[in-house]
Amino acid sequence: MIDKLSDEELKHAFKTERKPEVVEKQKLNVRYHVEDPVVEGRAQKFLEAFAAILKNTNYGFVLDQYVRSSAKCSRCATECQVYQATRDPRDIPCYRSELLLSVYRRHFTVGGLLKGRLFGSGYLTDEKVNEMAESFWNCTACRRCSLQCPVGIDHGLVTHLGRYILSEIGIAPRALVVSTREQLEGKTGNTSAIPVPALLDTLEFLEEDMLEEKQVEIKFPIDQENCEYVFFPAVSDFLMEADTLMGNAAVFTATGDSWTIGTGYFDGINYGLFYSDRMLDRIVKKVVEETKRLKGKKILIGECGHASRSAKYFVPVFCGGKDAPPVINCMEYLWEQLKKGRIKLDPNVITDVVTYHDPCNISRQGWIIDKPREILRSFCKNYVDMEPKGMKNICCGGGGGTVSIDEIRPYRTSIGGKAKAEQVRKTGAKYLVAPCANCKKQLRELMEDQGLDVEVVGLHDLVYKAIIFDESLKKKAQEQVPQPEESEVEK
Amino acid sequence: MEGVLEFVGGPLFRLTFAIMILGLIRIFALAIWGSLQAYREAGDKVLPGKLIVRNTVGWLLPIFRLWKTRPIYSLVSFLFHIGLILVPIFLLAHIRLWRDSIGFGWPALSNNLADILTITTIVAAVALFIGRITSRNARFISRPQDYIWPLLLAIPFVTGYVCNNLRISATVYQWMMLFHMLSAELTFVMIPFTKVAHCVLVPLSQLVSNLGWKFPAKSGEGVAETLGKKEMPI
């Protein structure tokens, strides 16, 4: 896949911003900031949290299967972009999983407990917990390794569980915890701490922009009841990805279907997927609650991989299975409308080379792979694919929540993202389409740090550029358009 | 010696074989039971059926997917498994023994094919062992059982081949047969308690991994309650 990084590059990747006195005080040598970890009796607390999780979940039977069948063939290493970059055996997915599996085997299986009693060895130590704290966050949780395991071990699931247990003893990246706190308990109720008035201002501003650019009245409907779709983008899109949102609004304007953004809750981000099932549960419940408040029929997720996966797969888990509101991703909606002929895209607008990056969270299990490609091919003259792609895609390098950890950027854009950068370089693309807020942030940083001149955009960004509106919509807008001078004076 | 051979080939065989079969049944049943339990408790019962079946069949018959990464290792491992599964079950000499004791048999491999498979299995076992001790990565993740297994499995194949094909004295033959049976019986006893248990778990692994993501609806609240964190701020 890729060559091992040079010693210089590795040194750069592993540099830490953490102050030695904090590391000393927290007795935790990791590269991400941690708020308030358990320091005394860390191993014991870890075991208590592990036990509590096993008691209330089904992880136990999965771990039983894994400890019994893990054959240690190291085949997974060939697929892991992190391992390929470091060539450090500690980055072999099977080794990462074994960190937790060995704890399970020793402390939660009869054989392990007996062995422990007989030989008095193998008790979990603080050092081992610390090793897990480092190791589980070196992984981008892309789950590519799971495709290569002959005995079917999903190392992504083990890492997911490991992070969950660690979070219960206070070891989780501060960036994720702080955002989740604001989302669930803060005044603004979203991870970017955007107050509702600011949101409304932003959307109004975008509407004015769109009217000027497209001569069509494109709206972001707010708090409308009984809509077909209630929209939850990654909330950071309201600050960073205006073009994507304008694309979403433009599509709905063209189709005329009803959709709305709720001011009660409007954040698709769910960092629970990355570090805590408890948070995952609480966050998806907010999405469903807001959809019900607005009497919406479906949950529509914006361009965001993890937001889509957490809603699609965990709204049913935590909110009533079949009775939960259906979840669709905005690209699925766009594809349907395109097929029905309700969307027209100008094939002469995007003439540069375009390539598409599959976000792991929507492609690994084979959910959305061909639809965005069909959309892009329908109007981009020079579309090229990267290899491997689809279910086997290579992660942007910022997956599993690591992109939000700013202090590990050197790690992400060298070790995590090296393979992706090489892949993108080969395509010679001008536009790299990444329909995911996390991937976009990571890929922009990656392109910058790896010296690639590629514009990272959302799929709807390009759609917005190329969309053709019906003449009747333009006329309607002309009738209603306010005098620009007057609105300027008011401001 | 004859008495020893009779004991090893009779009661000891029955005991160790029973341990293996019962042990594997236990593991398989536990995995099925765990899956049913997990399914019952899962908040979302929709599973990606096609994907699970495709991946299960794909890894049980990995003819199409092995070669893409590490082709040589994959080939060796594949041949190793083929011999391991086919020879003990379909060797004519083994089937005759079964027929004598349980009254019926099944079609056998030709002796030539059995010999070829036996030799490939022995060569593959040695190659896998060498691969494991010479690769830094493999050493790093290996447990004692990972080194022991390929060598242990080779012993019944080597001794069986010698007994079947080489001109040896009756005494040597008896010793070889003793080693053959004892080594096989040792593997029987170890199988359910070591990684070779994957022989019955692989058919369920894709299902288990997919079910693993289908959490119980109340799991989050349950964990909070058990840890006394229900009212605690984040």
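Computed from a prediction, not measured in an experiment: that's the story for all the values here.

So, how was this worked out
- Residues numbered from 1 in each chain as written.
- Chains lettered and ligands numbered in written order.
- Predicted model: local features only at pLDDT ≥ 70, side-chain atom pairs only at ≥ 80, totals over all residues.
- Helix = DSSP H or I, 4+ residues; strand = E, 2+ residues; numbered from the N terminus.
- Contact = placed C-beta atoms within 7 Å.
- Rg over C-alpha atoms; globule rule 2.2 N^0.38 Å.
- Buried ≥ 20, exposed ≤ 12 C-beta atoms within 10 Å, placed from the backbone.
- pLDDT = per-residue confidence, 0-100.
- Pairing = 2+ DSSP bridges.
- Right-handed = clockwise from strand over helix to strand, strands pointing away.
- Domains from an automatic or database assignment.
- Nonpolar A, V, L, I, M, F, W, Y, C, P; charged D, E, K, R; others polar.
- Core = buried A, V, L, I, M, F, W, Y, C linked by C-beta atoms within 7 Å.

Enquirer: Can you walk me through the overall build of chain B in this structure?
Expert: Summing up its helical and strand segments, chain B has 11 helices and zero strands in all. When the helices and strands of chain B are read in sequence order from the N terminus, they spell out α-α-α-α-α-α-α-α-α-α-α. For chain B, the spread of C-alpha atoms along the principal axes amounts to about 80 × 40 × 35 Å. Here the analysis covers contacts within chain B between residues at least 6 apart in sequence; of these, 73% occur between residues at least 24 apart.

Enquirer: Looking at this model, I keep getting lost on the overall build of chain A. Mind explaining?
Expert: Assigned secondary structure in chain A consists of 25 helices and 10 strands. The C-alpha radius of gyration computed for chain A amounts to 24 Å, which stays within 12% of the reference 23 Å derived for 491 residues, consistent with globular compactness. Each principal axis of the C-alpha distribution contributes one length, and for chain A these read about 85 × 45 × 45 Å. The 491 residues of chain A split such that 55% are buried. Considering only residue pairs separated by 6 or more positions, chain A has 80% of its internal contacts joining residues 24 or more positions apart.

Enquirer: Could you clarify how one ought to interpret the confidence of the model for chain B in this entry?
Expert: Interpretation of the predicted coordinates at a detailed level should be avoided for regions scoring low in pLDDT. Of the residues in chain B, 100% have a pLDDT of 70 or more, and the chain-wide mean is 95. For this predicted complex, the interface confidence score (ipTM) comes to 0.95, while the overall pTM stands at 0.95.

Enquirer: Explanation requested: unusual backbone geometry in the structure shown.
Expert: Both trends apply: most residues other than glycine have a negative phi, and most peptide bonds are in trans. Residue and element names in this part refer to chain A. The peptide bond linking E387 to P388 adopts the cis configuration, its omega dihedral lying at -10 degrees. Relative to the elements of secondary structure, P388 occurs in the loop between β7 (382-384) and α20 (409-416). Of note, the phi angle at K27 is positive, near 50 degrees, even though the residue is not glycine. Assessed through the 15 C-beta atoms surrounding it within 10 Å, K27 is described here as partly exposed. Phi angles above zero are rare outside glycine, and S74 is one such case at about 65 degrees. With respect to the helices and strands, S74 occurs in the loop between α4 (59-69) and α5 (81-86). Of the residues examined, S74 has 24 C-beta atoms within 10 Å and is grouped as buried.

Enquirer: Help me out: how do you make sense of the pairing of strand β3 (residues 298-301) of chain A in this one?
Expert: Two faces, one strand: in a regular strand the side chains alternate between the faces of the sheet. Residues and elements named next belong to chain A. Taken together, the four bridges between strand β1 (residues 229-232) and β3 define a ladder with parallel strand orientation. Within the sheet, the bridge partner assigned to V230 lies in β3 and is I299. Pairing analysis gives three bridges linking β3 to strand β4 (residues 327-329), with the strands arranged parallel. The residue of β4 that forms the bridge with I299 is V327. For the handedness criterion, the β-α-β arrangement of β3, helix α16 (residues 305-318) and β4 is classed as right-handed.

Enquirer: Please clarify how the environment of B:L182 should be interpreted in this entry.
Expert: Along the polypeptide, B:L182 turns up in helix α9 (residues 170-190). The sequence separation of B:L182 and B:T16 amounts to 166 residues, and the corresponding C-alpha distance is 9.8 Å.

Enquirer: Can you walk me through the pairing of strand β6 (residues 353-356) of chain A in this structure?
Expert: All names here are of chain A. Inspection of the sheet shows β6 paired to β7 by three bridges, in the parallel sense. Within β7, the position partnered with V354 by the bridge is Y383. Here three bridges tie β6 to strand β8 (residues 431-433), and the two strands are oriented parallel to one another. Looking across to β8, one finds that T355 is bridged to L432.

Enquirer: Would you mind showing me how to read the environment of A:A193 here?
Expert: By the secondary structure assignment, A:A193 is in the loop between α10 (174-185) and α11 (196-214). The residues touching A:A193, leaving out its near neighbours within four places in the chain, are A:E182, A:G186 and A:T188.

Enquirer: Where do I start with helix α7 (residues 110-119) of chain A in this structure?
Expert: Spacing of three or four residues puts side chains on the same side of an α-helix, whose turn is 3.6 residues. Little of α7(A) sits out of view: just zero of its 10 residues are buried. Residue A:G120 follows α7(A) closely and has a positive phi angle near 60 degrees.

Enquirer: Teacher, can you tell me more about the sheet that holds β4(A) here?
Expert: Taken in spatial order, the four strands line up as β2-β1-β3-β4 (chain A) in an open sheet, and their pairing is parallel. Two strands close off the open sheet at either side, each with one partner strand: β2 (259-260) and β4 of chain A.

Enquirer: Looking at this model, I keep getting lost on the domain arrangement of chain A. Mind explaining?
Expert: Bring the parts together and some accessible area is lost; that lost area is often taken as the interface size. Residues and elements named next belong to chain A. When the domains of chain A are assigned, the result is domain 1 (7-172) and domain 2 (179-468). On a C-alpha basis, the centroid separation for the pair domain 1 and domain 2 is 30 Å. Mapped onto the side of domain 1 that touches domain 2, the elements with two or more residues apiece are α1 (7-13), α5 and α9 (155-168). Here the element with the most residues in the side of domain 1 that touches domain 2 is α5; it accounts for five residues. Looking at side-chain class alone, the side of domain 1 that touches domain 2 contains 12 nonpolar, seven polar and seven charged residues.

Enquirer: Honestly, the nonpolar core in this entry has me stumped. Any pointers?
Expert: If you look at soluble globular proteins, the nonpolar side chains tend to sit buried side by side. Residues and elements named next belong to chain A. Core analysis: the biggest nonpolar cluster contains 183 residues, and V284, V315, L334 and V433 have the highest contact counts within it. If you count residues domain by domain, this core takes at least three from each of domain 1 (7-172) and domain 2 (179-468). For L334, the residues in contact, after removing those within four places along its chain, are V251, I343, I375 and V463.

Enquirer: Sorry, what's going on with the interface of chain A and chain B here?
Expert: Taken together, the contacts link 50 residues of chain A with 50 residues of chain B. At the level of elements, α3 (42-56), α4, α6 (93-108), α9, α10, α15 (277-293) and α16 of chain A are the ones that each hand at least two residues to the side of chain A that touches chain B. Considering every element that reaches the side of chain A that touches chain B, the biggest residue donor is α4(A), with seven residues.

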